[in-house]
Structures are given as C-alpha cells and as structure tokens.
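Listed below, chain by chain, are the residues.
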Amino acid sequence: MTTTTTAVPLFDWHTLGQSTMTSAVISIGVVVLFSIAVYSLSIFRRSDTTVAVRSMSAIVMSTISLIIIATLVWGFYIIVNK
C-alpha cells in the first residue's frame, strides 16, 4: 500500500508577483510625488510668482511630504510586523 502526496510548489508565484507589483507601484508613486514636490518648491522659490501661486505651492509641498512620510511609516510598520 503506497500513499501519494501532492507536490507542493517551491515558490508561491502569486504572492511573489503581488508583492513585486505592489513594491513597484509604490516606488514609482513615491518618485513621481517627490518630483512634483520638487517642482512645487521651484515654483515657490521663484520671485515673479504671485502670493496665491506661492501659497498653493506650499500647500502642495506640505501635502506631498506628509504622504511620502506616511508611506514610509506604513512600509516600516509592515516590515516590523511580518
């Protein structure tokens, strides 16, 4: 009497692909957000812009900086709790 065992794959390809896509999307998103923040900083520092434009640039820079910091904190939280 022999028993058959089912083959267990060496890699969980679905989870590997999902984590790869998630990290790629988040990485590209952070780079795009950082680029927008740097562009807003350059607009903010121009001397020929109006107060309204400078105010909007400061708001955009602050918001994007908070989003990037929140993403980093979320990433560290995920890493620590795994």
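Just so you know, these numbers come straight off a predicted model, no measurement behind them. In every chain, residue numbers begin from 1 and rise along the written sequence. At least 70 in pLDDT is required for a residue's local features to be given in this predicted model, at least 80 for side-chain atom pairs to be given and counted, and no such filter applies to totals for whole chains, interfaces and linings, which use all residues. Each side-chain value is worked out from all heavy atoms of the structure, with water and hydrogens disregarded.

(A) Highlighting the overall build of the chain. Helix and strand content of the chain: two helices and zero strands. Relative to the globule expectation of 12 Å for 82 residues, the C-alpha radius of gyration of the chain, 22 Å, shows a markedly less compact shape. Dimensions of the chain, computed from C-alpha atoms along their principal axes, come out at roughly 85 × 20 × 15 Å. Exposure classes here rest on a 1.4 Å probe applied to the protein chains alone. A residue is buried below 20% of its type maximum, exposed above 50%, and partly exposed in between. When each of the 82 residues of the chain is scored for burial, the buried share is 10%. Here the chain displays about 7100 Å² of accessible surface, and carbon together with sulfur accounts for 73% of that area. The secondary structure listing takes helices from DSSP runs of H or I that are at least 4 residues long and strands from runs of E that are at least 2 residues long, numbered from the N terminus. This radius of gyration counts C-alpha atoms alone. The globule rule is 2.2 Å times how many residues there are, raised to the power 0.38. Only the protein chains shown count as cover for residues, with accessible areas throughout obtained via the Shrake-Rupley method and a probe of 1.4 Å.

(B) Seen up close, helix 1 (residues 13-45). With 33 residues, helix 1 extends 48 Å from end C-alpha to end C-alpha; this agrees with the ideal 48 Å at 1.5 Å per step. For helix 1, the full list of buried residues reads Ala37, Ser40 and Ile43. The secondary structure elements touched by the buried residues of helix 1 are helix 2 (51-81). What a helix is expected to span follows from its residue count: subtract one and scale by 1.5 Å. Contact between two residues is taken to exist if any of their heavy atoms lie within 4.5 Å; hydrogens are not considered.

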